[in-house]
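What the coordinates show
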Amino acid sequence: KQEVTQIPAALSVPEGENLVLNCSFTDSAIYNLQWFRQDPGKGLTSLLLIQSSQREQTSGRLNASLDKSSGRSTLYIAASQPGDSATYLCAVRPVETSGSRLTFGEGTQLTVNP
Amino acid sequence: DTEVTQTPKHLVMGMTNKKSLKCEQHMGHRAMYWYKQKAKKPPELMFVYSYEKLSINESVPSRFSPECPNSSLLNLHLHALQPEDSALYLCASGPNLQGRRETQYFGPGTRLLVL
């Protein structure tokens, strides 16, 4: 059974710092991996989607990498801003479920202090 | 239009009430999902509809009854809920249920409180 782990569970940094969020998964048989952002009490916003054949994706100050063989992904946030404060969730789409399910990690709660 | 809308935003109901949550998307997606999310936990999948047919039911209690009237709409009918059912209910849609490029677009959620 696929399991997804995110480290750290919480992170507090000063504004302007570059930071890395980590995601690991136990089964490398995935279609893709997706990073989401969630503000308190709100829905999920998709940030980046990496297909299993890709190594990384970039959007603005965000860069996500994927090492499928080792079961790891990282989300790099450059020059963090207070508006980046949110919970970041990583989710994989396992092949074993024919791509119909997302398996989520527990999330990393990020606080960027002014 | 890449938006999934959900109504209502907030709902308070008693354990004997019957209410419905609504979800709508106009992206032409043929897969729609209901998730339940408790505080500080990731979303938990409840139901998946594929081409308006229920394809996955994650052993959800019968007091939750999903309905997909057409390809753009998804409802969740609630009856005789328990206080522990209080949570954020998220709807999502995706273009291709089993495609390698499948992604999911989430709505803002309905915050449900059962008294």
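Please refer to the structure placed before this passage.
Heads up: these notes are all about the structure in this document. Small disclaimer: the values here were computed from a predicted structure and weren't measured.

This paragraph deals with the sheet that holds strand β8 (residues 72-77) of chain A. All names here are of chain A. The antiparallel open sheet is built from five strands, whose spatial order is β1-β3-β8-β7-β6. Since the sheet does not close on itself, it has two edges, and those belong to β1 (4-7) and β6 (56-59), each with one partner. Across the sheet, the mean angle from the axis of one strand to that of its neighbour is 15 degrees, orientation sign disregarded. As paired elements, strand β7 (residues 62-67) and β8 share six bridges and run antiparallel to each other. Each bridged residue has a counterpart across the sheet, and for Leu-66 the counterpart in β8 is Ser-73.

That bond from Ile7(A) to Pro8(A) is cis: its omega, -5 degrees, falls within 30 degrees of zero. Position of Pro8(A) relative to the elements: it lies in the loop between β1 and β2 (10-14). In this structure, Pro8(B) follows Thr7(B) across a cis peptide bond, with omega equal to -10 degrees. The topology assignment puts Pro8(B) in the loop between β1 (4-7) and β2 (10-13).

Here we come to the interface of chain A and chain B. With 24 residues of chain A at the interface, the matching set in chain B holds 24 residues. If you look at where chain A meets chain B, you find two salt bridges. Close ionic contact of Arg101(A) with Glu58(B) constitutes a salt bridge, the shortest N to O distance being 2.7 Å. Listing elements by their share of the side of chain A that touches chain B, those giving two or more residues are β4 (30-38), β5 (44-51) and β9 (86-94) of chain A.

About the criteria used
- Residues numbered from 1 in each chain as written.
- Chains lettered and ligands numbered in written order.
- Predicted model: local features only at pLDDT ≥ 70, side-chain atom pairs only at ≥ 80, totals over all residues.
- Heavy atoms only, no water.
- Pairing = 2+ DSSP bridges.
- Helix = DSSP H or I, 4+ residues; strand = E, 2+ residues; numbered from the N terminus.
- Axes fitted to C-alpha atoms, helices over the stretch in contact; angles between N-to-C directions.
- Contact = heavy atoms within 4.5 Å.
- Salt bridge = Lys/Arg side-chain N within 4 Å of Asp/Glu carboxyl O.

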